[in-house]
Structure formats: C-alpha cells, structure tokens
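# Architecture and fold: a report
Take a look at the letters that make up each chain.
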Amino acid sequence: MAEQLIISVSGLRGIVGVNLTPAIAAEYGCAFGTFLKEGAARSDVRPSVCIGRDSRPSGQMLKSATAAGLCAVGVDVVDLGLVTTPGVSIMVTELHCAGGVVITASHNPIQYNGIKLLLGNGIAPPVEQAERIRHCFSQKKFALVDATECGQVTTNDQTDARHIAKVLAIVDRKTIAAKKFKVALDSVNGAGARVTKKLLAELGCEVSAINDEPTGVFAHPPEPTAENIKSLREAVKANRTDVGFAQDPDADRLAIVDENGTYIGEEYTLALAAKYIFSKKKGRAATNLSTSRMIEDIAQEAGCQVIRTAVGEANVAGAMLKHNCIIGGEGNGGVIDLRVCPVRDSLVGIALVLQLMGQTGETISQLIGEISRYYMGKEKLPVVPAAKFQILESFRTAFPDARLDPTDGYRFVFQNGDWVHVRASNTEPVIRVIVEAKDQPTAQEYINKIIQAKAFIH
Ligand code: MG
C-alpha cells in the first residue's frame, strides 16, 4: 500500500514526488494563510509568515510552493532561508509574524519532507486550530485575493544571529569558556551545523565537527539513536573530546555521547538540562507522559515539581506557558527553555549541558552517574484501525493496583515509581506501549501483561 500523506497537529508530511508535490504544498500554504487571515485581529493589516527550511534537497522547491500559496491568499512571507526549527520559532516572535512555517521532515529519511506550522506565539497549533487548518485544506476553501492584494516575499538572514544571542543570554559564557571544552558535533548534514558551530565558538569550545555540510544528503539515518551515530562516538574517542552532541536534521533534538564515546540515550538530555536549571532556581518543569521519571527524581531532590502532559510538543509548550515552567521538553532529546523559544531546541540543550559541566567540573559520565538509572521498554502493537480505541479501552483495568492517569491513553504509575503508558498513535495503526522500570526483565513483564490483555479481547 502506498504511504499516505500524513496530516497531524504539527503539520503535513509525505514522500516528495509521490504524495508531497508543489501543488499540495501550495494548497497547504493557502489553507494556513486563510486560517491566519480569519484569526487576524485587524482586517486592514496584512498578516505575515516566516518561512524556513532544513537542508533537504527538496526544501527549496517546497518552500517556494508553500510561500506561493500564502501569497495567493494575501499573506506576506519572510524567507529565512536554511535555518533550524527553533530558529523559525524565534523569528516568528521577533518579527511579530502571525505564524511560521518550517519545511522539514525532522528525523525522517531524505525521501520525506514536511510542512510544519507554528502560530504567532511560536508554538505548533493546538488540536482545535490544527483541525480548522486541516478542514480548510481538505475543503479547498481558500480566501484567494486578486492581483493587487497578493502577498509579497522578502528575505531575512538574521535567524542564526538572533538564535545565538538568545541562547548565550541563558548561560554564563565565562564559566563555559574558561573550561575550553573539546566538543564533537554531528549535525547529520542538516540545518544545525552552521549555527551550532558558531554558538560553540562563542562558548570558547574547540569543535570537531562531522557531517557539517548542510546538503541534506544525510550521512547516516538521521534519527540520533545509538546505532545511527556510531561515527560521532568514534570522533569523540579519536579526538578525546569532553562530549559529543548529535542533532537531527532540523536541530530540535539532541543526543549526547559521553567522554568515553558511550551513547547515553536521549532521555538524559532533558534530565541534564533540568539538573542545571533546578540548581539555579526553584520552579516547575513540564514534560509528556512518555518521558523518563528521571526528571521527577531531579526535581524532587531540588524541591521542584514536574507537570505531565499529553504527548506532543505543543502540549508541553502550552503547559509550560500556563504554569510558568522554567524548563521543559520531551524524552526524545528535546529541551525547551521559554527564554529562548517555546519549541525544542538542541542549541539550548547543548548550552545548558555545557553550563552544568562547567559549573560542576564533572564529566558527562559522572553527571549521569548521579541520576538513578532505569530501563525503558517500548513496543508497538499493530491494531485494526477501527478497533484501536476499543483495544486501548480494554487496557484500562490491566493494572488495578496502579494509579491511573487518563490524560492521553492510559498511564499507570505504580507505588515504586515504575510506570506503563499505552496510547493510540495519531499517525499509524498501532498502540504504543512505553514502560519504565528498575530493570529490563521487570519492564518486559509489564509489556507482556499488555500483550496478554490485547490477546484476550481478540
Ligand atoms: Mg526534529
């Protein structure tokens, strides 16, 4: 079966030349522009939208097509060029735009691309607004304008400079620079290389960069997992660096390699960032229900609290704004600091981790040694789409002794802190099972219990 064009809250994703064409991109631009015009506070002010792209070879084509769609409904476009996703979020608010667009398929392979949308506050649209955009796109009810009213395209090349200035403002540059850290960086030939190298130079680091040409021809599968960033692990060892950082193509996710060349897992990125933030200030963190409990351990030690949200970056960012959180993010290596922008930002993660290293004088392996270690297990259960929610419902009683959180699927939290999260995927006919326990056999027991419950209802 040919893969479907996926439209979710964060935008649209497809395979270039198969189901993601310039015509689709232009119509999506029309839909987003129509939505923004409907919501514009004043009808006499023309809304404007920032647009940027990651390094994929299809990015230029899709950016032009999406911009054409926006102009066709009378929205002005500010072309930021080849930039990161957090960079676009920053410029949306800096330039007081009504919205932002990022042409990226994030960690997916080169054949994919996508159109990610941001509202005027720099965050992806919440479900209700995303549904209105999707409806406008599928109904093709676009507010097209006549020749004299078409939007205009201008360019702006200040994204990297603004991004670096905002990240530098949240750390103590002198503490980091005094350490003269040696850093290995793998930007997977994505959008992050240029701006991250500049940031690290500002922080006085000596950088060994690999895959730092923004060609979009990814040197390895672009998701920053242990298997995919073998070359970074080798670069850390060969250059004897203090740390290795791996970004995904749009530079919102960050994975870390310790000073021995060991991949520590993306869950530690947020944990380490929170460890630094909470060492300076008491406050709240927000993260989704599928993220490791390490952040709760760290918060508890510092006398701070953690708010759990439904899965989805916009949910985390929304909770951060609502509860005035001082740190937040997701277990996939996505760290959010609202002082920089309300989306995940690998540059924020890098700066906060270097600050923690600088302040404590400890290595990455020492720092993670201070955090309780757990085992996380993940399983995808294929389901018939029509039965997805019925099956999910059947899991409700799977663990009667656990505390139940029904915010997003079901999350069971046990007395000892172990947890099981089951939720229906928005994009695939699967139920995702994520568990965290003290060790692998215990985690597997929880997964088996869920698998048995599913078998029972068939
Ligand atoms: Mg990404």
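This section reports on the structure supplied with the text.

Helices and strands together make up the secondary structure of the protein, namely 15 helices and 20 strands. Computed over C-alpha atoms, the radius of gyration of the protein comes to 22 Å, within 12% of the 23 Å expected from 2.2 N^0.38 for 458 residues, which places it in the range of a compact globule. With respect to the three principal axes, the spread of C-alpha positions in the protein is 65 × 60 × 40 Å. Of all 458 residues assigned to the protein, the portion counted as buried reaches 58%. Counting only contacts in the protein whose residues sit at least 6 apart along the sequence, the fraction spanning at least 24 positions is 68%. On the protein, roughly 18800 Å² of surface is accessible, and the fraction owed to carbon and sulfur atoms is 51%. Treating the 49 positive side-chain charges of the protein as one cloud and the 50 negative ones as another, the clouds have centres 2 Å apart.

With that settled, the discussion passes to the nonpolar core. Counting residues in each nonpolar core, the largest one holds 66 residues, and the members touching the most others are Phe 245, Leu 272, Phe 278, Ile 327, Leu 352 and Leu 354. Taken domain by domain, this core gets at least three of its residues from each of domain 1 (6-157) and domain 2 (162-369). Once you skip the residues sitting within four places of it in the chain, Ile 327 turns out to touch Leu 270, Ala 273, Ala 274, Ile 277, Phe 278, Arg 284, Ala 285, Ala 286, Met 320, Val 335, Ile 336 and Leu 352. Counting 28 residues, the second-largest nonpolar core is a separate cluster that includes Tyr 28, Ala 31, Phe 32 and Val 77.

What follows is about the sheet that holds strand 12 (residues 284-288). Read across the sheet, four strands follow the order 13-12-14-15 without closing on themselves; strand pairing throughout is mixed. Each having just a single partner strand, strand 13 (305-309) and strand 15 (334-336) make up the two edges of the open sheet. Geometrically, the sheet is characterised by an average inter-axis angle of 20° between neighbouring strands, direction not taken into account. Across the sheet, helix 9 (residues 267-280) is in contact with strand 12, strand 13, strand 14 (327-330) and strand 15; its angle to strand 14 comes to roughly 175°.

What follows covers the environment of Glu 445. Assignment of secondary structure puts Glu 445 in helix 15 (residues 440-457). Distance in space between the C-alpha atoms of Glu 445 and Val 353 is 34 Å, their sequence separation being 92 residues.

Moving on, we get to the sheet that holds strand 6 (residues 112-119). In any sheet, the strands associate via hydrogen bonds between backbone groups, in a parallel or an antiparallel arrangement. Read across the sheet, seven strands follow the order 1-2-6-5-3-4-7 without closing on themselves; strand pairing throughout is mixed. Taken across any chain shown, the strands that pair with only one partner, and hence form the sheet edges, are strand 1 (6-8) and strand 7 (153-155). When strand polarity is set aside, the average angle formed by the axes of neighbouring strands in this sheet is 20°. Where strand 4 (residues 76-82) meets strand 7, three bridges bridge the pair, whose relative direction is parallel. If you follow Asp 79 over to strand 7, its bridge partner there is Thr 155. Packing of helix 3 (residues 85-94) onto the sheet brings it into contact with strand 3 (48-53), strand 4, strand 5 (99-103) and strand 6, and relative to strand 5 it is tilted by some 165°.

Judged by how many residues are buried, strand 5 sits mostly within the fold: five of five residues are covered. Bridging between strand 3 and strand 5 involves five bridges; their strand directions are parallel. Paired with Cys 50 across the two strands is Gly 100, which belongs to strand 5. As defined by bridge partners, strand 5 adjoins strand 6 across five bridges and the pair is classed as antiparallel.

This brings us to the coordination of the magnesium ion. In this structure, Ser 106 (OG), Asp 248 (OD), Asp 250 (OD) and Asp 252 (OD) serve as the protein donors to the magnesium ion, at separations of 2.1 Å. Each donor residue of the magnesium ion belongs to the same chain, with the gaps between them written as S-x141-D-x1-D-x1-D. Taken together, the residues Ser 106 in the loop between strand 5 and strand 6 and Asp 252 in the loop between strand 10 (243-247) and strand 11 (254-257) connect sequence positions 146 residues apart.

As enumerated under the stated definition, the model contains 24 salt bridges in all. Salt-bridge contacts for Asp 212 lead to Lys 197; the nearest nitrogen and oxygen are separated by 2.7 Å. With a gap of 15 residues between them, Asp 212 in the loop between strand 9 (206-210) and helix 8 (230-239) and Lys 197 in helix 7 (residues 193-202) connect regions that are remote in the sequence. Residue classification places Lys 197 among the partly exposed positions, given a relative accessible area of 30%.

Before going further, it helps to examine the pairing of strand 4. In terms of burial, strand 4 is largely enclosed, as six of its seven residues are buried. Bridge count between strand 3 and strand 4: six bridges; the pairing is parallel. Counted as the bridge partner of Ile 51 is Asp 79 from strand 4. Handedness of the strand 3-helix 2 (residues 59-72)-strand 4 crossover: right-handed.

This brings us to the packing of aromatic side chains. Two aromatic rings, taken as a pair, are described by how far apart their centres are and by the angle between their planes. Summed over all chains, the structure comprises six aromatic pairs. For the ring pair Tyr 28 and Phe 137, a centre distance of 5.2 Å and an interplane angle of 90° mean the geometry is edge-to-face. A residue pair is termed long-range when its members are at least 10 positions apart, and Tyr 28 in helix 1 (residues 22-39) and Phe 137 in helix 4 (residues 127-139) qualify at 109 residues. Relative accessible area serves as the criterion here: at 3%, Tyr 28 is assigned to the buried category. Phe 137 sits in the buried class, given a relative accessible area of 9%. Both rings, one in Phe 32 and one in Phe 35, keep their centres 6.4 Å apart while their planes meet at 15°; by these two values the pair is stacked. You can see Phe 32 and its partner Phe 35 sitting in helix 1, three residues apart, about one turn around the helix. In this structure, Phe 32 and Phe 35 share a single accessibility class: buried. The rings of Phe 399, Phe 412, Phe 414 and Tyr 446 are connected pair by pair, giving a single aromatic cluster. Over the ring of Trp 419 we find Arg 411; its NZ or CZ atom is 4.5 Å from the centre of that ring.

Thresholds, definitions, all that
Residues numbered from 1 in each chain as written. Predicted model: local features only at pLDDT ≥ 70, side-chain atom pairs only at ≥ 80, totals over all residues. Heavy atoms only, no water. Helix = DSSP H or I, 4+ residues; strand = E, 2+ residues; numbered from the N terminus. Rg over C-alpha atoms; globule rule 2.2 N^0.38 Å. Buried < 20%, exposed > 50% of the residue type's maximum accessible area, 1.4 Å probe, protein only. Contact = heavy atoms within 4.5 Å. Areas by Shrake-Rupley, 256 points an atom, 1.4 Å probe, with all protein chains shown as cover. Lys, Arg positive; Asp, Glu negative; His and termini not counted. Charge placed at Lys NZ, Arg CZ, Asp CG, Glu CD. Core = buried A, V, L, I, M, F, W, Y, C linked by side-chain atoms within 4.5 Å. Domains from an automatic or database assignment. Pairing = 2+ DSSP bridges. Axes fitted to C-alpha atoms, helices over the stretch in contact; angles between N-to-C directions. Donors = N, O, S within 2.8 Å, 3.2 Å for Na, K, Ca; no water. Salt bridge = Lys/Arg side-chain N within 4 Å of Asp/Glu carboxyl O. Right-handed = clockwise from strand over helix to strand, strands pointing away. Phe/Tyr/Trp six-rings, centres within 6.5 Å; stacked < 30°, edge-to-face > 60°. Lys NZ or Arg CZ within 6 Å of the ring centre and 35° of its normal.

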